[in-house]
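# Observations on chain architecture
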Amino acid sequence: MNWLALVIGFLGIVLVGLLLYWQLIIAEGAYLGSRVVTLMYDWSARIYERIKQYDAGDEQWFLGLPLARALALIPAPLVLDVATGTGRLPRAVLRQPAFDGRIIGLDLSRRMLREAVRRTAQFADRLTYIWQDAQDLPFDDDTFDAVTCLEALEFTPDPQKVLLELVRVLRPGGVLLVTNRVGRDAKLMPGKAFPRDAFPKLLREFPLEDIKVGPWQVDYDLAWAIKVGEPRGGGVRPLPHILRCPACGGRLSRVGRVFRCAECGQAYPIADDDVIEMARAARQT
């Protein structure tokens, strides 16, 4: 019986270890809630770029240049990068001479945003960072000329809800750029990553056209799509004109270093690193 108990105990430890590896390494806490995912990204923020080892040339060729070309005919395009992390996409796009617009980067990890601010300091006059949940984007419908979300959908509580938000804030004729997790590990993320043949079908459930999905990296496919409707993009849009209160949907006005809702009175401070902190206010209510 002692040997049997030891074997059962050993198997139990192995199973717990495998479960933790699945939940924390492969799924990065996705099944444990957004707080766990955010905590893991906060912990890894300083070493995140060393872990990912992005190649600057590839980033320019496969991200920055194609997106800049897609927006070439739009005057002063406005781009939203959801789950912006350390500012990967803003760097790739803002380094393109042909891109003359602005980018808003949104993320739920405050420490990742701090890294993004540091790594994109040279573009500070064309960038705004917002600390906020991707499931509740604080913007009007039909606001952005392009909306991007790279390597992040599978780590959100409800990927389809996030997709709905991405499309909602995209202008008719605007560009949607998103990724889908594929490969061996994707099979271990049911409900988060979508089978390759199912992802285009999912995108067709939204008001999108010209949907193109193809291999991008070992673990991801990249999808491009255009929002259905008469194109009407471009033009400078100041933040107070497009920001909405996540709590009630009311308009925000800026007074000093605070955005305040005219309807519910909720205040959203601008931190010392110029990040608009909406998530903190949501957690305090």
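See the structure shown above.
A quick note: this is a predicted structure, and the numbers were derived from the prediction, not measured. (Residues numbered from 1 in each chain as written. Predicted model: local features only at pLDDT ≥ 70, side-chain atom pairs only at ≥ 80, totals over all residues. Heavy atoms only, no water.)

What follows concerns the overall build of the protein. Of regular secondary structure, the protein possesses 10 helices and 11 strands. Relative to the 2.2 N^0.38 estimate, which gives 19 Å for 285 residues, the radius of gyration of the protein is 20 Å and therefore close to what a compact globule would have. Along the first, second and third principal axes, the C-alpha atoms of the protein reach 75 × 40 × 35 Å. A buried classification covers 50% of the 285 residues belonging to the protein. For the protein, restricting intrachain contacts to residue pairs at least 6 apart in sequence, the fraction spanning at least 24 positions comes to 66%. Of the roughly 14300 Å² of accessible surface on the protein, 58% is carried by carbon and sulfur atoms. (Helix = DSSP H or I, 4+ residues; strand = E, 2+ residues; numbered from the N terminus. Rg over C-alpha atoms; globule rule 2.2 N^0.38 Å. Buried < 20%, exposed > 50% of the residue type's maximum accessible area, 1.4 Å probe, protein only. Contact = heavy atoms within 4.5 Å. Areas by Shrake-Rupley, 256 points an atom, 1.4 Å probe, with all protein chains shown as cover.)

What follows covers the sheet that holds strand β1 (residues 78–82). Reading across from one edge, β6-β7-β5-β4-β1-β2-β3-β11 is the order of the eight strands in this open sheet, with mixed pairing throughout. The open sheet has two edge strands, β6 (208–217) and β11 (276–277), and neither has a second partner. Sheet analysis places strand β4 (residues 144–149) next to strand β5 (residues 170–181), joined by five bridges and oriented parallel. From the neighbouring strand, Cys149 faces β5, where its bridge partner is Val178. (Pairing = 2+ DSSP bridges.)

So, on to the pattern of salt bridges. Close approach of charged atoms lets side chains of opposite charge pair. In the structure shown here, the tally under the stated rule is 19 salt bridges. A salt bridge links Arg244 to Asp140, with the nearest nitrogen and oxygen atoms 2.7 Å apart. Residue Arg244 is located in the loop between α9 (239–242) and β8 (252–255), and its partner Asp140 is located in the loop between β3 (127–131) and β4; the two are separated by 104 residues in the primary sequence. Salt bridges sharing partners connect three or more residues here, namely Lys52, Glu59, Arg88 and Glu151. (Salt bridge = Lys/Arg side-chain N within 4 Å of Asp/Glu carboxyl O.)

A word on the packing of aromatic side chains. Tallying each qualifying case throughout the model produces four aromatic pairs. Judged by centre distance (5.9 Å) and plane angle (25°), the rings of Phe194 and Phe199 are stacked. We classify Phe194 as buried; its relative accessible area is 14%. When its relative accessible area of 1% is taken as the criterion, Phe199 is described as buried. By the ring-pair criterion, three or more aromatic residues cluster together here, those being Tyr41, Tyr48 and Phe155. One cation-aromatic arrangement involves Lys192 over Tyr31; the distance from NZ or CZ to the ring centre is 5.5 Å. (Phe/Tyr/Trp six-rings, centres within 6.5 Å; stacked < 30°, edge-to-face > 60°. Lys NZ or Arg CZ within 6 Å of the ring centre and 35° of its normal.)

This next bit is on the side chain of Asp145. Within the secondary structure, Asp145 sits in strand β4. Looking at Asp145, its side chain comes within polar contact range of the main-chain nitrogen of Leu78, at 2.8 Å. In this structure Asp145 touches Leu71, Ile74, Ala76, Pro77, Leu78, Leu170, Arg171, Gly174, Val175, Gly233, Gly234 and Arg237, once residues within four positions along its chain are discounted. (Polar contact = N/O pair within 3.5 Å; in protein donor to acceptor, adjacent residues only side chain to side chain.)

The next subject is the nonpolar core. Generally speaking, soluble globular proteins have nonpolar side chains that are buried together. Of all hydrophobic cores here, the largest spans 41 residues; its most connected members are Leu80, Phe139 and Leu166. With five residues, helix α7 (residues 159–169) is the largest single contributor of residues to this core. (Core = buried A, V, L, I, M, F, W, Y, C linked by side-chain atoms within 4.5 Å.)

This next bit is on the side chain of Thr148. For Thr148, the position within the fold is in strand β4. Side chain to side chain, Thr148 and Asp81 meet in a polar contact 2.6 Å long. Excluding its chain neighbours within four sequence positions, the residues that come into contact with Thr148 are Leu67, Leu80, Asp81, Val82, Leu89 and Leu177.

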